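Residue-level structure breakdown
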Amino acid sequence: MTNRERREALEFYLGISPWLIGLVCFTGGPILASLAISFTQWRLLSPPKWLGIQNYIDMFQDEGTRVSLGNTLFYTGLSVPLGLVTSLFVALLLNQRARGSTLFRTLFYLPTITSGVAMALLWLWLLNPEFGLINLALGLIGIKGPAWLQDPDWAKPALVLMSLWTIGTSMVIFLAGLQGMPQHLYDAAKIDGANQLREFWHVTVPMLTPTIFFVMVTSIIASFQTFTNVYVMTEGGPGWSTLMYGLYLYNNAFEYLRMGFASAMAWGLFLVILALTILQLLGARRWVYYEGGIRGRI
């Protein structure tokens, strides 16, 4: 390396050093510490006691872990597909060249930067079975609204409905993908006599598959870590109907003071998310299209 290249490399590493220090001290260190803690029994007020893999064995046998994982899978299985379809639909509408489209893009994105606690409190009012606006609107068309968060059968669907409030991030990503579409493909499709539906299915969707794949992966990861809504709105109730994995992990760590068990749960969640992400990466080879005719090569 020349003196100039060495100087540029030094300046580069000096520039990123605050981030590197923060990563090692405040992210990498706690991650490794949680791995060590997961093999111990530690109740915070007493010294850790080595247990080996007993926490992981207990995690598989624990009913709360199974219920919370099942609830999280149910929530993910509904909220992610609905969020994908809704955000794509809204992005298609807002991609039109119409007056006021910029304003509506802003309005749809605003909920994503709202405090999670404030949004949860707002939805507590909206979902109130007696005077909530949702049941009031249903009553205007002759439908008696359910008890929502007070009904074990409707509590999880209510959380799924609430998740559609924060589609703004996915909408912006889809909008960026739509605006990057090559116009010559649409021109060629029109020459071939394709209508708008065929253009969408044979041009827009294939070219948008990398964006769909990215949004799907990130949405699944986020849905498995959902916490604020259930912590503020239901605390896992009624019964265990909305006990999500993240909430049960938090309860074990900071309410039951089972820090070792909670750390094992955290690593279990990491492995579940890692496995699902790998499966999606493998499946992407069959349906994700990249320019140049390479399908699924990431």
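The rules behind these values
Residues numbered from 1 in each chain as written. Predicted model: local features only at pLDDT ≥ 70, side-chain atom pairs only at ≥ 80, totals over all residues. Heavy atoms only, no water. Core = buried A, V, L, I, M, F, W, Y, C linked by side-chain atoms within 4.5 Å. Buried < 20%, exposed > 50% of the residue type's maximum accessible area, 1.4 Å probe, protein only. Helix = DSSP H or I, 4+ residues; strand = E, 2+ residues; numbered from the N terminus. Contact = heavy atoms within 4.5 Å. UniProt positions renumbered as here; feature names shortened; annotations may be inferred. Arc of directions from axis to C-beta. Polar contact = N/O pair within 3.5 Å; in protein donor to acceptor, adjacent residues only side chain to side chain.

Topic: the nonpolar core
Core analysis: the biggest nonpolar cluster contains 58 residues, and Trp 123, Leu 127, Leu 159, Phe 174, Leu 208, Met 233 and Met 265 have the highest contact counts within it. With ten residues, the top contributor of residues to this core is helix α10 (residues 196–224). Setting aside residues up to four positions removed in sequence, Trp 123 forms contacts with Ile 134, Leu 161, Met 162, Trp 165 and Met 233.

Thoughts on the UniProt feature "domain: ABC transmembrane type-1" (unreviewed entry) in the chain
Mapped onto this structure's residue numbering, the UniProt feature "domain: ABC transmembrane type-1" (unreviewed entry) falls at residues 69–282. Taken end to end, residues 69–282 is 71% helix and 0% strand, and its two terminal C-alpha atoms sit 23 Å from one another.

Some details on the UniProt feature "transmembrane region" (unreviewed entry) in the chain
The feature "transmembrane region" (unreviewed entry), as given by UniProt, occupies residues 12–39, 73–94, 106–126, 158–180, 200–223, 230–250 and 256–279 in the numbering adopted here. Overall, residues 106–126 shows 71% helix and 0% strand. The separation of its end C-alpha atoms is 22 Å. Secondary structure within residues 230–250 divides into 48% helix and 0% strand; the distance between the first and last C-alpha atoms comes to 12 Å.

Considering helix α5 (residues 116–126)
Every buried residue of α5 is listed here: Met 119, Ala 120, Trp 123 and Leu 126. The buried residues of α5 occupy one face: seen down the axis, they fall within an arc of 115°.

A word on the environment of Ser 68
Mapping Ser 68 onto the fold places it in helix α3 (residues 63–94). Classification of Ser 68 as buried rests on a relative accessible area of 0%. Sequence-wise, Ser 68 and Pro 111 are 43 residues apart; in three dimensions their C-alpha atoms are separated by 27 Å. Apart from the residues within four sequence positions on either side, Ser 68 is in contact with Leu 243, Met 244, Tyr 245 and Tyr 248. In terms of polar contacts, Ser 68 uses its side chain to reach the backbone carbonyl oxygen of Thr 65, at 2.9 Å.

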